[in-house]
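As a plain string of letters, each chain reads:
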Amino acid sequence: MNYYLAGYYLLKTKPIDYGEDIFNIAYTASSCINNGVLDNWSYSWRSDNDNEIDAIKALFKIDNESIASIREWVDNAFNNELIGWQNIFRDLATLKEYITFFPNKESFIVLSLYFSEINADELIQEFSPKSSQNGRIGMELFLSEKRIEQELDEEKDIGFDLIGIEISSDFHSFYCHNVTSELLSKFHFLHINKYGLFNKLDQQQIKIVEEYANMDNTGFEPVSWFMVKTKLVDISK
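These lines cover the structure that appears in this document, whether it is placed above or below. All of these numbers come straight from a predicted model, not from anything done at the bench.

1. Regarding the overall build of the protein chain
For step 1, the next point in the chain: Looking only at helices and strands, one finds seven helices and eight strands in the protein chain.
For step 2, the next point in the chain: Relative to the globule expectation of 18 Å for 237 residues, the C-alpha radius of gyration of the protein chain, 17 Å, shows essentially globular dimensions.
For step 3, the next point in the chain: Along the first, second and third principal axes, the C-alpha set of the protein chain runs to 50 × 40 × 35 Å.
For step 4, the next point in the chain: Of all 237 residues assigned to the protein chain, the portion counted as buried reaches 52%.
For step 5, the next point in the chain: For the protein chain, the exposed surface amounts to about 11,300 Å²; the carbon and sulfur share of it is 47%.
For step 6, the next point in the chain: Here the protein chain carries 21 positive and 38 negative side-chain charges, and the mean point of each set is 4 Å from the other.

Structure follows, in C-alpha cells:
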C-alpha cells in the first residue's frame with residue numbers, strides 16, 4: 001500500500017512527565033509530549049502568542065528581536081502555504097530556512113509523518129473545509145497533494161505512532177492517555193522500540209489497533225485516531 005507525506009515537524013524532545021511512561025523519551029510529533037519549535041507563539045496575529053513567551057525565549061535561547069523576525073517569516077510562509085496550521089512544514093527547504101533563527105538547533109529533531117492511502121483519504125474527507133468560513137489544517141492541506149513516500153537517504157524509518165487529531169489541527173499521541181501497557185497487553189503484536197514508537201506493523205494489525213482506539217468506551221480522546229509511519233530526518237544531508 002502506498003503511503004503519503006503529511007509534512008515535517010521540528011521538535012525539541014523532553015521526558016514524558018506523567019503516568020507509566022514517566023521520564024521516557026518518545027519520538028512523537030505530538031506537541032502534547034514534545035516541544036514544537038513552530039507553534040502558536042510563532043504567529044504574529046495569534047492573540048495568545050505571548051502566553052509563556054519568557055519560557056519560550058529561555059527554552060529556545062531567542063530574544064525579542066529574534067521573535068519579531070520569526071513571526072514576520074512565519075506569517076509570510078503561512079500565507080504562501082509553505083507551512084500549515086499550525087506547526088507543520090510542507091518541505092525540508094522551508095524547515096531548514098526556519099531553523100536558522102535558532103542558536104540551539106543542534107538540540108532539535110525533525111520528523112516526517114506518512115499516512116497510508118486509506119487513512120490519507122479519510123483525513124482529507126473529514127478535515128476538508130465545509131464552508132468558506134473554515135480554514136484548512138496543515139495535514140489536510142499537504143496530504144491533498146498526494147506526495148507518495150520516497151526512499152530518501154536523509155530519512156530513517158523509526159516506527160509507527162498512534163495519533164488522534166483534533167479539528168484545531170492539534171493531535172494527541174497514545175502516550176497522552178497513559179495506555180501503553182494496556183495496548184501492549186491487549187495486542188501482542190505491538191512492541192515499543194528505542195524511539196518510543198511501535199515496530200513495523202502490517203495493514204491488518206494497523207486496522208485492528210485503529211478500530212480499538214476509535215471505539216467509544218476505550219478511554220481514548222473522542223477524535224479520529226490514525227496509525228502513522230514516522231521517519232527521523234537528518235537535515236545535515
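More follows now that the structure is in view.
2. Here we look at the environment of Ile53
For step 1, the next point in the chain: You can see Ile53 is positioned in helix α1 (residues 53-60).
For step 2, the next point in the chain: Judged by its relative accessible area of 13%, Ile53 falls in the buried class.
For step 3, the next point in the chain: Taking the C-alpha atoms as reference points, Ile53 and Trp41, 12 residues apart in sequence, are found 7.3 Å from one another.
For step 4, the next point in the chain: Excluding residues within four positions of it along the chain, Ile53 makes contact with Trp41, Ile67 and Arg71.

3. Points about the pairing of strand β8 (residues 224-233)
For step 1, the next point in the chain: Most of β8 is tucked away: nine of the 10 residues are buried.
For step 2, the next point in the chain: Here strand β5 (residues 109-116) runs beside β8; their pairing, made up of five bridges, is antiparallel. Directly across from Leu111, in β8, lies its bridge partner Leu232.
For step 3, the next point in the chain: Sheet analysis places strand β6 (residues 155-165) next to β8, joined by 10 bridges and oriented antiparallel. In the sheet register, Asp161 faces β8, and the bridge partner there is Val228.

4. Looking at the state of the cysteines
For step 1, the next point in the chain: The final tally for this structure, using the stated rule, is zero disulfides.
For step 2, the next point in the chain: The cysteine Cys32 is free of any disulfide, with Cys176 supplying the nearest cysteine sulfur at 3.8 Å.
For step 3, the next point in the chain: Here Cys32 falls in the partly exposed class, since its relative accessible area comes to 36%.
For step 4, the next point in the chain: Relative accessible area serves as the criterion here: at 18%, Cys176 is assigned to the buried category.

5. A few points about unusual backbone geometry
For step 1, the next point in the chain: The peptide bond linking Trp85 to Gln86 adopts the cis configuration, its omega dihedral lying at -5°.
For step 2, the next point in the chain: Position of Gln86 among the secondary structure elements: in the loop between β3 (83-84) and β4 (88-89).
For step 3, the next point in the chain: Backbone geometry places Lys146, a non-glycine residue, at a positive phi of 50°.
For step 4, the next point in the chain: Within the element layout of this structure, Lys146 appears in the loop between α5 (138-143) and β6.

6. Considerations on the side chain of Asp21
For step 1, the next point in the chain: With respect to the element layout, Asp21 can be found in the loop between β1 (3-12) and β2 (35-36).
For step 2, the next point in the chain: The side chain of Asp21 sits in the buried core without any salt bridge; Lys14 is the nearest counter-charge, 14 Å away.
For step 3, the next point in the chain: Residue contacts for Asp21: discarding those within four places in its chain leaves Ile16, Tyr175, Asn178 and Thr180.

What counts and what doesn't
Residues numbered from 1 in each chain as written. Predicted model: local features only at pLDDT ≥ 70, side-chain atom pairs only at ≥ 80, totals over all residues. Heavy atoms only, no water. Helix = DSSP H or I, 4+ residues; strand = E, 2+ residues; numbered from the N terminus. Rg over C-alpha atoms; globule rule 2.2 N^0.38 Å. Buried < 20%, exposed > 50% of the residue type's maximum accessible area, 1.4 Å probe, protein only. Areas by Shrake-Rupley, 256 points an atom, 1.4 Å probe, with all protein chains shown as cover. Lys, Arg positive; Asp, Glu negative; His and termini not counted. Charge placed at Lys NZ, Arg CZ, Asp CG, Glu CD. Contact = heavy atoms within 4.5 Å. Pairing = 2+ DSSP bridges. Disulfide = S-S within 2.5 Å. Salt bridge = Lys/Arg side-chain N within 4 Å of Asp/Glu carboxyl O.

The analysis is restricted to geometry; functional conclusions fall outside its scope.
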